[in-house]
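Spelled out, the chains give:
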Amino acid sequence: MVIKVLGSGCMKCKKLEANVRKAVEELGIEASIEKVTDFKDIVAYGVMTTPALVVDEQGILFKYYFIFNENTMSFCFEHIIHKM
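Residues numbered from 1 in each chain as written. Predicted model: local features only at pLDDT ≥ 70, side-chain atom pairs only at ≥ 80, totals over all residues. Heavy atoms only, no water.

Draft legend 1. The arrangement of the pattern of salt bridges in detail. By the definition in use, this model includes four salt bridges. Arg21 is the partner of Glu17 in a salt bridge, and the nearest nitrogen-oxygen pair spans 3.0 Å. Highlighted residues: Glu17 and Arg21, both in helix H1 (residues 11-27), separated by four residues, approximately one helical turn. With relative accessibility at 41%, the residue Arg21 sits in the partly exposed group. A salt bridge links Lys35 to Glu17; the shortest N-O distance between them is 3.8 Å. (Salt bridge = Lys/Arg side-chain N within 4 Å of Asp/Glu carboxyl O. Helix = DSSP H or I, 4+ residues; strand = E, 2+ residues; numbered from the N terminus. Buried < 20%, exposed > 50% of the residue type's maximum accessible area, 1.4 Å probe, protein only.)

Draft legend 2. Expanded view of the environment of Asp56. Inspection of the secondary structure assignment puts Asp56 in the loop between strand E3 (52-55) and strand E4 (60-62). Between the alpha carbons of Asp56 and Ala31 there is a distance of 9.7 Å; along the sequence they are 25 residues apart.

See the structure below:
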């Protein structure tokens, strides 16, 4: 699984990345986590506000409202795993 955190590097982006890493570790997911900070690359995904998350190039999974809730992040990744 390849997970991309899209964002400029602001505090919200950093919090989302930290929650992603925590969820991946807790669930034992084998994943590569990449940070995408170049605006051209972010816009190529159709994103106009950050942070956002892309999983396995399947498009935008979720945006800002998942940043601060670690339990929701883990739930979402569990759901993704079961769909694969």
